[in-house]
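Architecture and fold: a report
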Amino acid sequence: MTAQLGCVMPWKALFMDERGGEIVALPCCLHWIKTFYGYVGAATLEQLWNSEEAQRTRYLIATGHQEEVCSALCPYWMSKQFSEAAIRVLNGSPIFLENQALNNKEIRLRRTALQSKPMLLKVIPTLECNIRCTMCFQGSYRQLDLGVGFWQEIEWALPYTREVTFQGGEVTLMPTFRDFVRTNSDRFSSGVRMSLITNGTVLDDELFDLFAGIVINYVAVSLNASTRETYLKITKADLFDQVIDNVKRLRRISATHASRSFDILLSLVVTQSNFRELPSFLRLAAELGVEAQLLPMVGNRGGENILSCREMHGEYSQVLKKTAAMAPRRVVPQIRHLELLLKECEKGYGN
């Protein structure tokens, strides 16, 4: 009997992330994967989907060697959220259903070169951003030239796709992003769901009107603080109240959406500057009627990673316990993962 796959993301998803100021393709978050498929713009998405490294990643997972490409601390591997046993057949258009059936068959056959197309996309078309968060892992904030065919390639993949997540940089700064969503509004209102990760500072009437007419899965707003003072310290921009107002407007649009309400996530990356605000951050999210999202910091830019300061670990542990005691059920696993990362860090110190 063939063992169940611990993760099927390399068969289902094509993500993009920043590495050394360039955009790379990979099957999931760069923080939890030890490899990448190639550089976006240097090859087509179709070529990257079946690149040598993509096939190697699938082979290692299929042959029981997932630890060679995945971090043992990956929360999705640990939770089995994207395991083979968690696969569910989704409804959609005829072309989507045909691709999904082929994709599931290729998983069962443990194929590494796929004829099926990715069902999930995370798209990063720019590194440009209007703020500079102290803990941001980006190594560059430049505008990108991903080739004239970049948006056409994303459009090519849409019929096979369940969800497209847009991220930056700050993608809402891009006229081409807005044009793409507007041009494909029919697709985004009849099968393909859009998700957005944004700092929430430049949402405007044009975008709010677009959001009201398409199917959205979630909008994650990176706030990273529960107070104006901490937000200003982290971002060097006095835009806290503006972001809060935009979150409130998103909440109203979701509540009155013609076809489908969507989730709004208020996101915080835990740092030395904001960890004491975790309980008040959960209260703020509850007051706004949205869901909190707590994330570990990637790297140690600005010396802000809480795990890099051993003197703070005791207080951090107590704050996590306090936060867990008041957290909504969906947030508790995120806190448990932060606790696990702290525990593993302490092991590294010899405790």
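A brief report on the enclosed structure follows. Just so we're clear, the structure is a prediction, and the values are computed from it rather than from any experiment.

Cut-offs and rules
- Residues numbered from 1 in each chain as written.
- Predicted model: local features only at pLDDT ≥ 70, side-chain atom pairs only at ≥ 80, totals over all residues.
- Heavy atoms only, no water.
- Helix = DSSP H or I, 4+ residues; strand = E, 2+ residues; numbered from the N terminus.
- Buried < 20%, exposed > 50% of the residue type's maximum accessible area, 1.4 Å probe, protein only.
- Contact = heavy atoms within 4.5 Å.
- Areas by Shrake-Rupley, 256 points an atom, 1.4 Å probe, with all protein chains shown as cover.
- Lys, Arg positive; Asp, Glu negative; His and termini not counted.
- Charge placed at Lys NZ, Arg CZ, Asp CG, Glu CD.
- Core = buried A, V, L, I, M, F, W, Y, C linked by side-chain atoms within 4.5 Å.

**As for the overall build of the protein**
Across its full length, the protein holds 14 helices and nine strands. Over its C-alpha atoms, taken along the principal directions, the protein stretches across nearly 50 × 50 × 35 Å. Burial status across the protein gives 52% buried among its 351 residues. Nonlocal contacts in the protein, meaning residues at least 24 apart in sequence, comprise 68% of its contacts between residues at least 6 apart. With an accessible surface of roughly 16,000 Å², the protein has 52% of that area assigned to carbon and sulfur atoms. Distance between charge centroids for the protein: 7 Å, based on 39 positive and 37 negative side chains.

**Side note on the environment of Arg252**
Its location among the elements puts Arg252 in helix α11 (residues 240-255). Owing to a relative accessible area of 51%, Arg252 belongs among the exposed residues under this scheme.

**Some words on the nonpolar core**
Counting residues in each nonpolar core, the largest one holds 105 residues, and the members touching the most others are Phe166, Phe177 and Leu266. If we skip the residues at most four places from it in the chain, Phe166 touches Val123, Trp151, Val171, Phe177, Phe180, Phe188, Met194, Ser195, Leu196 and Ile197.

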